[in-house]
Amino acid sequence: MAEAELQLSEDGSALHYELVVHNVEGITMAHLHLGKAGEIGTPVAWLYPPGPPPKLIPRVFDGLLAAGTITAGDLIGAMRGRPLSQLIDEIRADNVYINLHTKTHPRGDICGPVYLK
C-alpha cells in the first residue's frame, strides 16, 4: 500500500510531494507516469530516488519513501522541456498516476491516480 500527497505552490511553479509506503518489499523506484492507472504510461517525473539510476531497498519498507519538489526542470520523457502547468493540466484531467516499481514487478507493483491538494 502507498499514499501520496501532492500540493501545488501558490504561484504554480512547484509541486510538493510526499510518498508514504506501507510494507512493500524490494522497492526500486517511483515515478509520476503520464496515462491512466492500469495502463503502461511513460514516466514524467522521478519521485524515488530523485533521479536515475533506480535504487533497490532490499527489505520490506514502511514509512516516508520520498519527499520533495517537482519543477519544470525536473520533468522527463514526454514532459521534458514543457512548463509545469502542462503536467498540472494532465493531473486535473486524470491522466497522471504514480507507479511504484519493485524488484519483483519491475514495470510497476502499485499504481494509483494522482490528485492535487
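Student: I'm lost on the overall build of the protein in this one. Help?
Tutor: Each helix and strand counted, the protein has one helix and six strands in total. The C-alpha radius of gyration computed for the protein amounts to 13 Å, which stays within 12% of the reference 13 Å derived for 117 residues, consistent with globular compactness. Counting all 117 residues of the protein, 41% fall into the buried class. Contacts in the protein between residues at least 24 apart in sequence constitute 60% of all its contacts with a sequence separation of at least 6. Of the accessible surface of the protein, which amounts to about 6,400 Å², a share of 52% is contributed by carbon and sulfur atoms. For the protein, the distance from the average position of its 9 positive side-chain charges to the average position of its 13 negative side-chain charges is 8 Å.

Student: What exactly am I supposed to notice about the side chain of Thr-28 here?
Tutor: Here Thr-28 is to be found in strand β2 (residues 15-34). On the basis of relative accessible area, Thr-28 is assigned to the buried category, the value being 14%. Setting aside residues up to four positions removed in sequence, Thr-28 forms contacts with Tyr-48, Pro-49, Pro-54, Lys-55, Leu-56, His-101, Thr-102 and Lys-103.

Student: Sorry if this is basic, but what is going on with the environment of Ile-76 here?
Tutor: Tracing the backbone shows Ile-76 in the loop between β4 (57-70) and α1 (84-92). Each C-alpha atom, one on Ile-76 and one on Asp-62, is 27 Å from the other, the two residues being 14 residues apart in sequence. If we skip the residues at most four places from it in the chain, Ile-76 touches Pro-43, Val-44, Ala-45 and Trp-46.

Student: Would you explain unusual backbone geometry in this entry?
Tutor: Peptide bonds are, in most cases, trans, and in most cases residues other than glycine have a negative phi. Put simply, Tyr-48 and Pro-49 share a cis peptide bond, and its omega is -25°. Cis geometry marks the peptide bond from Pro-52 to Pro-53; its omega dihedral reads 0°. Residue Asn-23 is not a glycine yet carries a positive backbone phi of 55°. Secondary-structure assignment places Asn-23 in strand β2.

Student: I tried to follow the environment of His-33 on my own but got confused; where do I start?
Tutor: Note that His-33 resides in strand β2. Assessed through its relative accessible area of 3%, His-33 is described here as buried. Separated by 27 residues in the primary sequence, His-33 and Val-60 place their C-alpha atoms 24 Å from one another. Residues contacting His-33, with those up to four places away along its chain left out, are Gly-41, Thr-42, Pro-43, Val-44, Asn-95, Val-96, Tyr-97, Asn-99 and His-101. Polar contacts involving the side chain of His-33 include one to the main-chain carbonyl oxygen of Gly-41, which spans 3.0 Å.

Student: Would you mind showing me how to read the nonpolar core here?
Tutor: When a protein is soluble and globular, its nonpolar side chains tend to lie buried together. Within the largest apolar cluster, 29 residues are counted, with the highest numbers of intra-cluster contacts made by Leu-15, Ile-27, Leu-32, Leu-65, Ile-70 and Leu-87. Those elements giving two or more residues to this core turn out to be β2, β3 (42-48), β4, α1 and β5 (96-102). Setting aside its immediate chain neighbours within four residues, Ile-70 contacts Ser-13, Ala-14, Leu-15, Tyr-17, Leu-32, Ala-45, Leu-47, Leu-75 and Leu-84.

Student: Quick question: what am I supposed to make of the side chain of Asn-99 here?
Tutor: Structurally, the position occupied by Asn-99 is in strand β5. What makes Asn-99 buried here is its relative accessible area of 4%. A distance of 3.0 Å separates a polar side-chain atom of Asn-99 from the backbone oxygen of Arg-107. Beyond its immediate chain neighbours, meaning those up to four positions away, Asn-99 contacts Met-29, Ala-30, His-31, His-33, Arg-107, Gly-108, Asp-109, Ile-110 and Cys-111.

Basis of the calculations
Residues numbered from 1 in each chain as written. Predicted model: local features only at pLDDT ≥ 70, side-chain atom pairs only at ≥ 80, totals over all residues. Heavy atoms only, no water. Helix = DSSP H or I, 4+ residues; strand = E, 2+ residues; numbered from the N terminus. Rg over C-alpha atoms; globule rule 2.2 N^0.38 Å. Buried < 20%, exposed > 50% of the residue type's maximum accessible area, 1.4 Å probe, protein only. Contact = heavy atoms within 4.5 Å. Areas by Shrake-Rupley, 256 points an atom, 1.4 Å probe, with all protein chains shown as cover. Lys, Arg positive; Asp, Glu negative; His and termini not counted. Charge placed at Lys NZ, Arg CZ, Asp CG, Glu CD. Polar contact = N/O pair within 3.5 Å; in protein donor to acceptor, adjacent residues only side chain to side chain. Core = buried A, V, L, I, M, F, W, Y, C linked by side-chain atoms within 4.5 Å.

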